[in-house]
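Fold and contact review
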Amino acid sequence: MTVGEFRRDCAKSIGTFAPEEAHVLCDILLANVLGCDRSALLLSLDREMETEDARRMAEAVSELSLGVPVQYIVGSCWFYNREIKVGRGCFIPRGDTEFLAAAAVAALPEGGSFADLCSGSGCIAAAVAQTLKPNKGYALELSRKALPYAEENLKDFPNIAVRRFDVLDEEDYLALAGELDEGLDVLVSNPPYIPTDDIASLDVQVHYEPETALDGGEDGLRYYREIVRLAPLILKRNGTILFEVGIHQSADVCNILAGAGYSTACIKDDRKIERVVLGKKD
């Protein structure tokens, strides 16, 4: 059987459970199995499909049919024009978060310093570092499963420190503050923001991701409150806080920031949803 014939059969199989994305998902998986990009895949359609490659592809399709995210199967995704390594235990970056990364790039002064709180894969820190080359940055993440991915994704940026950090624990802020000559210019965070009771109704693929990266407490705002409360320990007085927020959460997060003395603004995504909330003190 040729690669092209095998590709056709696999796309048909994937179409039984993901009809709208069957051909895209098939090419992502098959290119990964063959160790090439899609362009090279299309140039290989006439060659014979190796037995071992066919077996690996069948396993990948089986995982996909169970709801395992394709990013976990291939081990990476693309974020801000950079390949980001991910795997089970590490939250998968979303396209929505690119708006947060772009806002952080715009907010950080030349040669400035920042911390990416709830960093997960380190994708936001990598986006900022590759664009601006900041003086100092921190990718702060609590999960021991996610930290190795952040370390891998940030290995090209020696000025970005990856550290285990609990954004709900004041002691971690105090420890970091003790290392800083002065406060940081920017804090950026895509924290867990799904209300606890809403998690069970999320798509099946999401349930393969770590619940700790999703659960924002009873009203979804727990992390925003605590980060804003503790931010002055590591943020310059005139520094900037940037948050990604869920749908219909922007007003609540603006109120949390305003209550702590910040002026606020919102940035909409490409669907006209207020996706990023910015807070700054004069």
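Please read all numbers here as calculations on a predicted model, not as lab measurements.

**Points about unusual backbone geometry**
A positive phi angle, close to 55 degrees, is found at Tyr-80, a residue other than glycine. The backbone phi angle of Cys-118 is positive, close to 60 degrees, even though this residue is not glycine. When you line up the elements, Cys-118 lands in the loop between strand S3 (113–117) and helix H7 (123–132). The exposure class assigned to Cys-118 is buried, which follows from its relative accessible area of 19%.

**Regarding the packing of aromatic side chains**
Each aromatic ring pair is summarised here by two numbers: the centre-to-centre distance and the angle between the ring planes. Inspection of the entire model under this criterion finds three aromatic pairs. Considering the side-chain rings of Tyr-224 and Phe-243, the 5.0 Å spacing of their centres and the 90 degrees angle between planes classify their relative orientation as edge-to-face. With Tyr-224 in helix H10 (residues 222–230) and Phe-243 in strand S7 (residues 235–244), this pair connects stretches of sequence that are 19 residues apart. Taken individually, Tyr-224 and Phe-243 each receive the classification buried, so the pair is uniform in this respect. Its guanidinium or amino end placed over the ring of Tyr-138, Lys-136 lies 5.4 Å from that ring's centre, counting from NZ or CZ. Here Lys-281 stacks its cationic end above the ring of Tyr-262, 4.8 Å away from the centre of that ring.

**Structural notes on helix H6 (residues 97–107)**
Looking only at H6, the buried set comprises Thr-97, Leu-100, Ala-101, Ala-103, Ala-104 and Val-105. Buried residues in H6 make contact with strand S1 (76–79), H7, strand S6 (184–189), S7, strand S8 (263–268) and strand S9 (274–280).

**Remarks on the pattern of salt bridges**
One pass over the full model with this rule turns up 19 salt bridges. Between Asp-96 and Arg-275 there is a salt bridge; the shortest N-O distance is 3.6 Å. Note that Asp-96 is positioned in the loop between strand S2 (82–85) and H6 and Arg-275 in strand S9, a separation of 179 residues in sequence. Looking at Arg-275, the relative accessible area reads 4%, which means it is buried.

**Overview of the packing of H6 against H7**
Put simply, H6 and H7 touch, their axes get as near as 9 Å, and they point 40 degrees apart. The angle between H6 and H7 places the two elements in the oblique class. In the crossing of H6 with H7, the sense of the turn from one axis to the other is right-handed. Mapping the contact onto sequence places Thr-97, Leu-100, Ala-101, Ala-104 and Val-105 in H6 and Ile-124, Ala-127, Val-128, Thr-131 and Leu-132 in H7. Counted by class, the contact of H6 with H7 contains eight nonpolar, two polar and no charged residues.

**Re the nonpolar core**
Grouped together as the largest cluster of nonpolar side chains are 56 residues, with contacts concentrated most on Ile-14, Leu-29 and Met-57. For this core, the secondary-structure elements that each account for two or more residues are helix H1 (3–14), helix H2 (22–34), helix H4 (51–65), helix H5 (70–74), S1, H6, H7 and S6. No other element matches the eight residues that H2 contributes to this core. One finds Leu-117, Leu-140, Leu-176 and Ile-241 within the second-largest nonpolar core, a separate group that totals 35 residues.

**Section: the environment of Gly-87**
Position of Gly-87 relative to the elements: it lies in the loop between S2 and H6. C-alpha separation for the pair Gly-87 and Glu-152, spaced 65 residues apart in sequence, amounts to 12 Å. With sequence-adjacent residues up to four places away left out, Gly-87 is seen in contact with Tyr-72 and Tyr-149.

Conventions and cut-offs
- Residues numbered from 1 in each chain as written.
- Predicted model: local features only at pLDDT ≥ 70, side-chain atom pairs only at ≥ 80, totals over all residues.
- Heavy atoms only, no water.
- Helix = DSSP H or I, 4+ residues; strand = E, 2+ residues; numbered from the N terminus.
- Buried < 20%, exposed > 50% of the residue type's maximum accessible area, 1.4 Å probe, protein only.
- Phe/Tyr/Trp six-rings, centres within 6.5 Å; stacked < 30°, edge-to-face > 60°.
- Lys NZ or Arg CZ within 6 Å of the ring centre and 35° of its normal.
- Contact = heavy atoms within 4.5 Å.
- Salt bridge = Lys/Arg side-chain N within 4 Å of Asp/Glu carboxyl O.
- Axes fitted to C-alpha atoms, helices over the stretch in contact; angles between N-to-C directions.
- Parallel < 35°, antiparallel > 145°, perpendicular 65-115°, else oblique.
- Left-handed = near helix turned anticlockwise from the far one by under 90°.
- Nonpolar A, V, L, I, M, F, W, Y, C, P; charged D, E, K, R; others polar.
- Core = buried A, V, L, I, M, F, W, Y, C linked by side-chain atoms within 4.5 Å.

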